[in-house]
Amino acid sequence: MEFMAGSSQGRPFIPIWRISQTLKQTGFHAETPEVCMLLKCQTPDLETCGEPVGSAFTKFEDSLSGTFGTSYVFPQIVLSGSQLAPERHCEVDYIFWLNTQQEANPVLRASSLDTFIAAVYEHAVILPNATLVPVSPEEALAVMNRNLDLLEGAVTSASKEGAHIIVTPEDGIYGFNFTRESIYPYLEDIPDPQVNWIPCNNPDRFGHTPVQQRLSCLAKDNSIYIVANIGDKKSCNASDPQCPPDGRYQYNTDVVFDSKGKLVARYHKQNLFLNEDQFNAPKEPEVVTFNTTFGKFGIFTCFDILFHDPAVTLVRDSRVDTILFPTAWMNVLPHLSAIEFHSAWAMGMRVNFLASNLHYPLKKMTGSGIYAPDSPRAFHYDMKTEEGKLLLAQLDSHPHPTPVVNWTSYASGVEAHSVGNQEFTGIIFFDEFTFLELKEIGGNYTVCQRDLCCHLSYKMSEKRSDEVYALGAFDGLHTVEGSYYLQICTLLKCKTTDLHTCGDSVETASTRFEMFSLSGTFGTQYVFPEVLLSEIQLAPGEFQVSNDGRLFSLKPTSGPVLTVTLFGRLYEKDSAPNTLLDLTTQALRYL
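First, a word on what this report is: a plain description of the structure on this page. (Residues numbered from 1 in each chain as written. Predicted model: local features only at pLDDT ≥ 70, side-chain atom pairs only at ≥ 80, totals over all residues. Heavy atoms only, no water.)

With that out of the way, let us pick up the state of the cysteines. Evaluated as defined, the whole model comprises six disulfides. Note on cysteine connectivity: Cys41 is disulfide-linked to Cys49, with sulfurs 1.8 Å apart. Of note, the bridge from Cys41 to Cys49 carries an S-S torsion of about 85° and is right-handed in sense. The residue that forms a disulfide with Cys454 is Cys489, at a sulfur-sulfur distance of 2.0 Å. The chirality of the disulfide connecting Cys454 with Cys489 is left-handed, given an S-S dihedral of about -80°. (Disulfide = S-S within 2.5 Å.)

Taking burial as the measure, the nine residues of strand β31 (residues 561-569) include nine buried ones, the bulk of the element. With seven bridges connecting them, strand β28 (residues 527-533) and β31 associate as antiparallel partners. Across the sheet, residue Leu533 finds its bridge partner in β31, namely Val561. (Buried < 20%, exposed > 50% of the residue type's maximum accessible area, 1.4 Å probe, protein only. Helix = DSSP H or I, 4+ residues; strand = E, 2+ residues; numbered from the N terminus. Pairing = 2+ DSSP bridges.)

Each regular strand carries side chains that alternate between the two faces of the sheet. Within strand β12 (residues 248-257), ten of the ten residues are buried, which leaves the element mostly enclosed by the surrounding structure. Strand direction decides the pairing type here: strand β11 (residues 225-235) and β12, joined by ten bridges, are antiparallel. By the bridge assignment, Lys234 is partnered in β12 with Tyr249. The antiparallel hairpin formed by β12 and strand β13 (residues 263-268) contains five residues in its connecting segment, where Gly261 sits at a positive phi of about 90°.

Now for unusual backbone geometry. Omega for the bond connecting Asp309 with Pro310 falls within 30 degrees of zero, at 5°, which places this linkage in the cis form. Structurally, the position occupied by Pro310 is in helix α4 (residues 308-316). Of note, Lys364 is a non-glycine position whose phi angle comes to about 60°, a positive value. Mapped onto the elements, Lys364 comes out in the loop between β17 (352-357) and β18 (368-371). Even without being glycine, Glu535 reaches a positive phi, approximately 70°. Assignment of secondary structure puts Glu535 in the loop between β28 and β29 (543-545). For Glu535, a relative accessible area of 48% gives the class partly exposed.

On to helix α1 (residues 137-160), then. Along its 24 residues, α1 runs 33 Å from first to last C-alpha, staying within 8% of the 34 Å computed at 1.5 Å per residue. What α1 keeps buried is the set Ala140, Val143, Met144, Asn147, Leu148, Leu151, Ala154, Val155, Ala158 and Ser159. Taken together, the buried residues of α1 touch β9 (115-122), β10 (165-167), α3 (210-222), β11 and β20 (389-396). (Expected span 1.5 Å × (residues − 1). Contact = heavy atoms within 4.5 Å.)

Moving on: the sheet that holds strand β21 (residues 424-428). Here we have six strands laid out as an open sheet, ordered β21-β22-β25-β26-β31-β28, and antiparallel in their pairing. Two strands in the sheet have a free side with no partner beyond their single neighbour: β21 and β28. Here the strands of the sheet are splayed against their neighbours by 20° on average, with no regard to which way each runs. Strands β28 and β31 of the sheet are contacted by helix α5 (residues 338-349), whose axis makes an angle of about 140° with β28. (Axes fitted to C-alpha atoms, helices over the stretch in contact; angles between N-to-C directions.)

The following block contains the structure:
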């Protein structure tokens, strides 16, 4: 048993009178209670320990546990004045019961919270005046403190609303478009969380760390977990053959501080986007998790979501309940707008997903959300204003497991009818799709490309003469702004009635659908279902995925449809990027 007394200044704790865990091991003939208990003695005389006590002055932190021989354990927390502890400030941590009476010695786990309140903040970042030339450390800190002032307001508001955790965006503290040299004054040395460090209490333990100190104090003072994105620096020398010429590694880094201000997680971004030359990727992907009283969490950043490691590994192998996702996401329609793809990833991977995006409309950066596996709980998309946005929603701490989807089961049994020469090609984000125009108000269509055949059944509310919809299929390697293999089935609105515009970016539509059912012969289990409505809106509760791989509507759509898509990833077919590809991609970005 471990407990640590502390003053807990600034925290709304009432002194603890007694904390106990009580067990009853029941049978047909006997009851044998087992108890682990921390309590205040009535007086300094140890013989009074266990006597009734009505008040106390000492405050506590940390945990109580025991090697119980049963799964029936009842936690009790009683404060001075015989008051019960407020749920947010005196939570029961993970309890492990070891049943020593059985040969297998199974370990059972319970969490004190079945649900929790999540918060994400879409932050309108304040950018430095200059990002391409180095500034002094004092100037860099001034910029970061201006952003931290805004983040502090969001953290305080979230805490007052009862949030247990808040996620803030990638690049949210200092902005973007740096060189390797110009980012350096913004970096701090971020230690491994195993060092057991609360920067708020001991800010100089690892050098000058004002940003970590402020984040730690924000978490501690508001009794909330804080997820933030900052830069880490690590010195190296010639003994390391991969050491950069300037003698240091620089990492795009997510940090997590718990509700006591302790650093509990550090993640270095693995899959850097093309203009992140200021940072290094870690030598091996980092799989970072941490446990709380409201579930097991994993974390990764922005472009990581398109790749297997660490994103898929966190869910498949580490079995996290919730993903934390700081991002600086530039929306790309029709399939990669932030709220569209992130909510689809949560559904496809059957995990909670907390996505916090930068708010910078000039670069098409907006779109944050709190997503459960079955449906979005809250989301925000705003290209019209310059203001940030705080979102809050309740989630299950441990999402209920859902059956594994066989994504090819239904589609493989559908007979594909010949359509003659009606197919045409179109480009979506530099990829050549095979399309079929939907010429009727309803019907059944099939379109194929390579090994992928996509099947659609649908009925429109009306067939408008001024709008064209098409069914498209893509099965191939995407090679612009990254290299990754895709299989995509998509129903989408074309930009105009000219079929050559099918696949272009479209934000508005007028046609609603009475029903739709989309499936495909996918060669992967990693398929992400998307439904996006006019004005870039999601459709919570309006569609479902069946066990046999159909994405189908549950009711007529509440708004006109932009796209209904099954976005598949074949990670094993990804090719390693090469110099020629990188040069081509960079050239395309500047065109």
